[in-house]
Amino acid sequence: MRAKTAAKFKELFGDGAYMYTSPGRINLIGEHTDYNGGFVFPGAVDKGIVAAIKPNGTDRVRAFALDLNDSAEFGLREEDKPAQSWAHYIFGVCREMQKRGVDVKGFDTTFAGDVPLGAGMSSSAALESTYAFALNELFGGNIDKFELARVGQKTEHNYCGVNCGIMDQFASVFGKEGCLMRLDCRSMEFEYFPFHPKGYKLVLLDSVVKHELVGSPYNDRRASCERVAKVLGQEFLRGATMEQLDAVKEQISDEDYRRARYVIGEEQRVLTVCDALQRDDYETVGKCMYQTHWGMSKDYEVSCEELDFLATVAEECGVTGSRIMGGGFGGCTINLVKDELYDNFVATAKRRFAEKYGHEPKVYPVVISDGSRRLE
Ligand code: GLA
């Protein structure tokens, strides 16, 4: 991927490009908690975006997306927003960096990725983080890593129409090999947690069902949570209890009630999981994962038939924990599987899924890796 990105740059723009990369992410638990000021527990993966970049001495950006075989050219003022939706990510990052005082000028760039699109592994955050990190270095910015993550998040809000939380961009920028990160999305304090579950594997099963996050459903979930927080007189749902929620049940819609019930449960589960990991208690971790799955399916309503099926097959195969991962509306399940059950589980899930839906799920073993960086 790196060689092909560099070669394309050379072909289109000549020598002297700098190479940067940022990863996608997994999340062990803590879904839809980030924009509620709660906890998340992600880690960066060994799949990401690689970009070749070089300032070109003009005030225009010329970009080429290898995977789409498409190019875009645009200026750096607000009114220069390009037509192609993939280019909005790069344009948005340029604009957000400028808003933070970085003197972004024109550049040439090619990029490619191997984060599966629509799998819930944050290919878009990987793209944003790659450019935020690179532009900061190449145009003498002095932006710290938290703010680089916010550049990506604000790009989503202001240029891509998704009111996402901070988890994906944070994980992409801060990732560390072999470590998950527990982030408190209210205080932005975080801790690295070495994660090497002995006797278990983490594997993703990608249903290859895609439901775009852009547009209303994700933003609707967030709006539900904000309405309930407001009724509770809080900035975020974080910290609310089930008793408090029940006390306002009559003042909110049944749908908002169920959304909030999921979030309140999920916040507790992240802490339970971290605690269980300290004791190597993977049974508890797995139980929480299943609870998250069915909470996301029944209360938060961001799952789909195919992912419910994968979680059910996992349970039937004796898998310790399985759940839908990421924003939802398609994508992957993340599975915590005992070594001795792994082969049978993967084979069974493939076969049964194919029987029902006509294609196999894709299988991605998880390798927890480093965050945004320049490639020498
Ligand atoms: C998407 C968003 C994140 C987070 C997850 C759900 O990945 O980008 O901010 O809300 O969904 O946990």
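Here's a quick rundown of the structure. Remember, it's a predicted structure, so these values are computed and weren't measured experimentally.

What about the site of the ligand?
Moving on, step 1. In the neighbourhood of the ligand, the contacting residues comprise Arg 25, Glu 31, His 32, Asp 34, Tyr 35, Cys 164, Gly 165, Met 167, Asp 168, Tyr 218, Gly 326 and Gly 327.
Moving on, step 2. Between Glu 31 and the ligand, the recorded distance is 2.7 Å, taken from a side-chain N or O atom to an oxygen atom.
Moving on, step 3. When the ligand is considered free in solution it has 310 Å² of accessible area, and contact with the protein chains removes 95% of it.
Moving on, step 4. Judged by the proximity of its atoms to the pocket grid, the ligand belongs to the largest pocket.

Description of helix 5 (residues 167-174)
For an α-helix, 3.6 residues make a turn, and residues three or four places apart therefore share a direction.
Moving on, step 1. Burial analysis of helix 5 places eight of its eight residues in the buried class, the great majority of the element.
Moving on, step 2. For helix 5, the complete set of buried residues consists of Met 167, Asp 168, Gln 169, Phe 170, Ala 171, Ser 172, Val 173 and Phe 174.

A word on empty space enclosed by the protein
Moving on, step 1. For the coordinates displayed, the defined rule picks out one cavity of 30 Å³ or more.
Moving on, step 2. The wall of the largest cavity is formed by Val 45, Asp 46, Lys 47, Met 121, Leu 204, Tyr 364, Pro 365, Val 366 and Val 367.
Moving on, step 3. Element by element, the count of residues in the lining of the largest cavity is highest for strand 3 (residues 42-55), at three residues.

Focus: the nonpolar core
Moving on, step 1. The biggest cluster of nonpolar side chains holds 67 residues, and the ones touching the most others in it are Leu 28, Phe 41, Met 97 and Phe 107.
Moving on, step 2. Residues within four places of Met 97 in sequence aside, it is in contact with Val 102, Val 104, Ala 132, Leu 135, Asn 136, Ile 143, Leu 148 and Val 151.
Moving on, step 3. In this structure, Val 162, Ala 229, Tyr 290 and Ala 349 belong to the second largest nonpolar core, which totals 41 residues.

Here we look at the packing of aromatic side chains
What describes a pair of aromatic rings is the distance from one ring centre to the other and the angle between the planes of the rings.
Moving on, step 1. Summed over all chains, the structure comprises 22 aromatic pairs.
Moving on, step 2. Residues Phe 190 and Tyr 192 carry aromatic rings whose centres are separated by 5.2 Å and whose planes lie at 80° to one another, so their mutual orientation is edge-to-face.
Moving on, step 3. Judged by its relative accessible area of 28%, Tyr 192 is partly exposed.
Moving on, step 4. The structure contains a cluster of three or more aromatic residues connected by ring pairs, namely Trp 86, Phe 107, Phe 111, Tyr 131 and Phe 139.
Moving on, step 5. Between the NZ or CZ atom of Lys 176 and the centre of the ring of Tyr 192, over which it lies, the distance is 4.6 Å.
Moving on, step 6. In this structure, Lys 201 is placed above the aromatic ring of Tyr 342, and the distance from its NZ or CZ to the ring centre is 5.7 Å.

Regarding the packing of helix 9 (residues 282-299) against helix 10 (residues 305-316)
Moving on, step 1. Put simply, helix 9 and helix 10 touch, their axes get as near as 11 Å, and they point 155° apart. By the angle class used here, helix 9 and helix 10 are roughly antiparallel. Like other packed secondary-structure pairs, helix 9 and helix 10 cross with a definite hand, here left-handed. Contact with helix 9, carried on its side by Tyr 290, His 293, Trp 294, Ser 297 and Lys 298, involves Leu 307, Asp 308, Ala 311, Thr 312, Ala 314 and Glu 315 of helix 10 and no other residues of that element.

Conventions used here
- Residues numbered from 1 in each chain as written.
- Predicted model: local features only at pLDDT ≥ 70, side-chain atom pairs only at ≥ 80, totals over all residues.
- Heavy atoms only, no water.
- Near = heavy atom within 4 Å.
- Polar contact = N/O pair within 3.5 Å; in protein donor to acceptor, adjacent residues only side chain to side chain.
- Areas by Shrake-Rupley, 256 points an atom, 1.4 Å probe, with all protein chains shown as cover.
- 1 Å grid on protein atoms, 1.4 Å probe; cavity = no way out; pocket = protein on both sides within 12 Å on 5 of 7 lines; lining within 4 Å.
- Sits in = over half its atoms within 2 Å of the grid points.
- Buried < 20%, exposed > 50% of the residue type's maximum accessible area, 1.4 Å probe, protein only.
- Helix = DSSP H or I, 4+ residues; strand = E, 2+ residues; numbered from the N terminus.
- Points joined across faces, edges and corners; volume = space filled by probe spheres on them.
- Core = buried A, V, L, I, M, F, W, Y, C linked by side-chain atoms within 4.5 Å.
- Contact = heavy atoms within 4.5 Å.
- Phe/Tyr/Trp six-rings, centres within 6.5 Å; stacked < 30°, edge-to-face > 60°.
- Lys NZ or Arg CZ within 6 Å of the ring centre and 35° of its normal.
- Axes fitted to C-alpha atoms, helices over the stretch in contact; angles between N-to-C directions.
- Parallel < 35°, antiparallel > 145°, perpendicular 65-115°, else oblique.
- Left-handed = near helix turned anticlockwise from the far one by under 90°.

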